[in-house]
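Each chain, letter by letter, is given below.
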Amino acid sequence: MLLKKYSILAILLSIFISSFAQVNNAVVSGLIRDEQTKEPLPYVNLTVTGTDGAFFTGTITNEKGLFALDELATGDYSIRVSYIGYLEQNIPVHVGRLNSFLDLGTIFLKESATEIEGVTVTATRIEVSSKMDKKSFAIDDNLSQQGGSVLQVMQNLPGVTIDREGKIFLRGSDKVTILLDGKQTAITGMGSQSGLDNIPASAIASIEIINNPSAKYDASGMAGIVNIVFKKEQESGWNGKAGFTLGLGSLAEKEPNVAGIRDQYRFTPKINPSFSANYKREKTNFYAQADLLYHKQMMKNEFTLRSYDNGDRVNQQFLENRTQPIYNIKAGVDFNPNKRNTFTFSALFNHREYTDLGDIPYDDADGNRLRLWQYYENEVNQTLFATVTHKHSFNQPGHSLVSSFNYSFRRKDEVFHFTNRQYNPDLIGTDTTGLLADENIFDLTVDYSKPLKSGRLEVGTKQRARVFPNNIYFKPGDNSILDPGLAGSAEYREWLSAVYGTYIYERKKIELEAGLRLEYANVDYLVDPNHSVYSSTGFDYIDPFPSVRATWLISNSSRISVFYNRRVDRPEEKELRTFPTYASPEILSMGNPNLQPQFTQSVELGFRQSWDGGYLYSAAYHRMSTSILTKIITEVPSSNLLAQVNQNADKGQNTGIELVLNQQLGSKIRLNANGNVYRNSISAFTIVNAYPNNVSFTGEEQTIIAGNAKVNLIAKILKDTELQITGIYLAPDIIPQGKILARYSIDAGLTKKIQNGKGELFINASDILNTLVMRYEIDGTTFNLISDDYYETQVVRIGYQYRF
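Residues numbered from 1 in each chain as written. Predicted model: local features only at pLDDT ≥ 70, side-chain atom pairs only at ≥ 80, totals over all residues. Heavy atoms only, no water.

Chemist: Looking at this structure, I do not really get the side chain of Ser274. What am I missing?
Modeler: Tracing the backbone shows Ser274 in strand β17 (residues 268-280). A relative accessible area of 16% places Ser274 in the buried class. (Helix = DSSP H or I, 4+ residues; strand = E, 2+ residues; numbered from the N terminus. Buried < 20%, exposed > 50% of the residue type's maximum accessible area, 1.4 Å probe, protein only.)

Here you go:
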């Protein structure tokens, strides 16, 4: 009897305890990878049904292949995992009453390959993210630019154009922020862009184009953000990749030299060995990679006609031949002492040294030689970027705190030797200039993410200090043309402090994301007190930068998103720099420390529709900018010389439509087509160039319909063999003082998988027809300038890479 009472008491007690301990709802999470490559699979569909087949919920994996299924009550379920081109899986799952989180671990999907006359049909990659805020592109998919630089790869990406100075434009604007693995570095510029031609494409896994960044990102870059993701293996044990590429450029001459100068570089060699490896154990992942990109290149072959109101005309050719080795080394370690904490230590070293040989002959309208300017330039850039990151994961999936400290150092050591031959009167002048600059950047970020029942909360902060002292020295020689009042020292000092918060609300058919970034920036530019034109100045602001996204999920295959962003573009150090560049002595270029930030507001409506074998992405956007950052050329009084100075124009607007179509055409061909049509308008403005002596310029209002189109065709011509052909057309566009004319090119690439898929042979060619020429027209107050640049664009490469 006593035993019976105790038994009843135990049962009642267990029921009482379980009533408090039982789980009302559970979260089921996991990771999905490709069975063969072990790469994470984004946007995989997961559908949850009950034992009777009734639908409960569903989701898709994110860009990293991770998923989480919420609101699953106690019971038995079947999770169907499906992805185009892969075999479907059904996974039975039991949700008990004691565990609120279930981790299914890694699920491997096997490709569903169908052999049709030796052709393999596989999945179509959807580059546009589910939120439609960014597009992701794998470098290996760009067959026609393997073995080149990141800059060369990007010219084939949808919505991207490259100008004659190597700057990236997104939807008609060069105000683009470049990130390396999600971080700003001295290699690619802080808020601006530079150095993309210094990074070998062999070091890169993918490129992300973020047109509508959230409040988590730095507020700079009104056109968007380009995030360059380095290769990093995650497989257990030893594995890696090795490759070697050889190439030749300038196979055909576009435009011959004028008489009396050095030859153009022809049949220029390109050499690109690369190696990456990692070793992963239970708690530690070591990784390292090294790349060398050695090449000779004809950087410029620009023919310019300057016409003046007084009837004078000057013809010039600007030929610049370059020899350049680039070394890129990256190494790091991921350490997981336990399942809640991860530490990452990594360092990236980039060394670039180039030697330029320049020739600029000047002739009058009758072909008589007026002047021959020749130079030798040697520049060494060394950059170190080191980062320490700690991630703490709380018990709840997705609940994390990430802190990161980054340090960047860049040294620039540049020497110019000039020879100036004038013919009337006959004399020879010699000069030397040099620049030594050290940049130090300290960057601290903290990001906190907390999943909620119907969304997520993100908050964080960023603190940055940047010091960039530089010194330019002049060594006048015989018959010197140097202005000693423009030499001396300067120092760029920046302090940036920002906090942000983002709330994401998610229901079955609706996603809402609202964020606010509050940013304080203070920039001081200290100029040498002996400078003949400029004095110390700077700017500061404290401004809010909101971002909003609303998405309606029409169905599993279609969705609509609306975006709003406010962003800023701060003048870069080189745009403030008060030292002239004498590479082209009759069109002298220099910065302006009086520049102010450019602010932009943008709205966008995006739509994505996917189907078996393809998808369509479309977007309509409108951007409004104030204090546009640009360059203005004015005349030097009492001469035919010109000065190009950075300036703030007034207002501008950019309204356009972008379309991306990806479609499998039968069993052998895949089409990716991109079109971008926009209306650019620039308001009338008046500026004063302080150099050489307060010369004013008034620009009239300008409007143009511009755009670009790119078509990629990838054909499986034989077993394990793909052919890619890329066509690019860029329509005429306007700049604050003139316009850029149309240009076009065709690229091609062929790749063959060997050694059971571990090895790959490829051959590619850029600008096959040698048609890409950069043409522009500039209108000044008393002059007109027309330029055609026949720089090197035609390159053929052959290479091999092996994965182990």
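Chemist: Quick question: what am I supposed to make of the layout of surface pockets here?
Modeler: One way to see where empty space is left: roll a probe the size of a water molecule over the atoms. By volume, the second largest pocket amounts to about 500 Å³. Lining the second largest pocket are 21 residues, with Arg371, Gln422, Glu586, Asn640 and Leu641 positioned closest to its centre. When residues of the lining of the second largest pocket are traced back to their parent elements, those giving at least two are β19 (313-338), β21 (369-393) and β22 (400-423). The dominant element in the lining of the second largest pocket, judged by the number of residues it contributes, is β21, at three residues. By residue class, the composition of the lining of the second largest pocket is 12 nonpolar, three polar and six charged. (1 Å grid on protein atoms, 1.4 Å probe; cavity = no way out; pocket = protein on both sides within 12 Å on 5 of 7 lines; lining within 4 Å. Points joined across faces, edges and corners; volume = space filled by probe spheres on them. Nonpolar A, V, L, I, M, F, W, Y, C, P; charged D, E, K, R; others polar.)

Chemist: It is not clear to me how the environment of Leu66 should be interpreted in this structure. Could you clarify?
Modeler: Residue placement: Leu66 occurs in strand β4 (residues 66-72). Sequence separation between Leu66 and Pro42 is 24 residues; the distance between their C-alpha atoms is 7.8 Å. Here Leu66 is in contact with Gly30, Leu31, Ile60 and Thr61, once residues within four sequence places are set aside. (Contact = heavy atoms within 4.5 Å.)

Chemist: Teacher, can you tell me more about unusual backbone geometry here?
Modeler: It is generally the case that most residues other than glycine have a negative phi and that most peptide bonds are trans. Residue Pro692 is reached from Tyr691 by a cis peptide bond, and omega for that bond is 0°. In this structure, Pro692 sits in the loop between β36 (685-689) and β37 (695-699). Even without a glycine there, the phi angle at Phe267 is positive, about 50°. Looking at the element boundaries, Phe267 is found in the loop between β16 (237-249) and β17. By relative accessible area, Phe267 is classed as partly exposed at 47%.

Chemist: Any chance you could explain the pattern of salt bridges here in plain terms?
Modeler: Think of it this way: side chains of opposite charge can pair up when their charged atoms draw near. Tallying each qualifying case throughout the model produces 39 salt bridges. Across the salt bridge formed by Glu88 and Arg80, the nearest N and O atoms sit 3.3 Å from each other. Under the relative-accessibility criterion, Arg80 is labelled partly exposed at 33%. Lys330 is the salt-bridge partner of Asp181, the closest N and O atoms lying 2.4 Å from each other. (Salt bridge = Lys/Arg side-chain N within 4 Å of Asp/Glu carboxyl O.)

Chemist: Just to check I follow, could you spell out the confidence of the model for the protein chain for this structure?
Modeler: Reading fine detail from the predicted coordinates is not recommended where pLDDT is low. Predicted confidence across the protein chain gives a mean pLDDT of 86, with 92% of residues reaching 70 or more. Within the model, pLDDT remains below 50 along residues 1-23, and this stretch shows nine contacts once partners closer than five positions in the same chain are excluded. In the predicted structure, residues 114-123 sits below a pLDDT of 50 and forms 22 contacts with residues beyond four places in sequence or in another chain. (pLDDT = per-residue confidence, 0-100.)

Chemist: Mind showing me how you'd approach the pairing of strand β1 (residues 26-34) here?
Modeler: Two faces, one strand: in a regular strand the side chains alternate between the faces of the sheet. Burial runs high along β1: nine of the nine residues are buried. Burial along β1 is two-sided: the residues Ala26, Val28, Gly30, Ile32 and Asp34 and Val27, Ser29, Leu31 and Arg33 are all buried. Here five bridges tie β1 to β4, and the two strands are oriented antiparallel to one another. Note that in β4 the partner of Ala26 across the bridge is Leu72. As defined by bridge partners, β1 adjoins strand β7 (residues 101-109) across seven bridges and the pair is classed as parallel. Within β7, the residue paired with Asp34 across the bridge is Leu109. (Pairing = 2+ DSSP bridges.)

Chemist: What exactly am I supposed to notice about the sheet that holds β1 here?
Modeler: The strands that make up a sheet pair up through hydrogen bonds in the backbone, lying either parallel or antiparallel. If you walk across this open sheet you meet the three strands as β4-β1-β7, and the pairing is mixed. A single partner strand is all that each edge strand has here, and the edge strands are β4 and β7. Neighbour-to-neighbour, the strand axes of this sheet turn through a mean angle of 20°, independent of strand direction. (Axes fitted to C-alpha atoms, helices over the stretch in contact; angles between N-to-C directions.)

Chemist: For this particular structure, what's the right way to read the sheet that holds strand β29 (residues 587-590)?
Modeler: The strand order across the open sheet built from three strands is β29-β33-β32, with neighbouring strands paired in mixed fashion. Each edge of the open sheet is held by one strand with a lone partner, namely β29 and β32 (629-635). The average undirected angle you get between the axes of adjacent strands in this sheet is 30°. In this sheet, strand β33 (residues 642-648) lies alongside β29 in parallel orientation, the contact comprising four bridges. Bridge pairing in β33 places Leu588 opposite Ala643.

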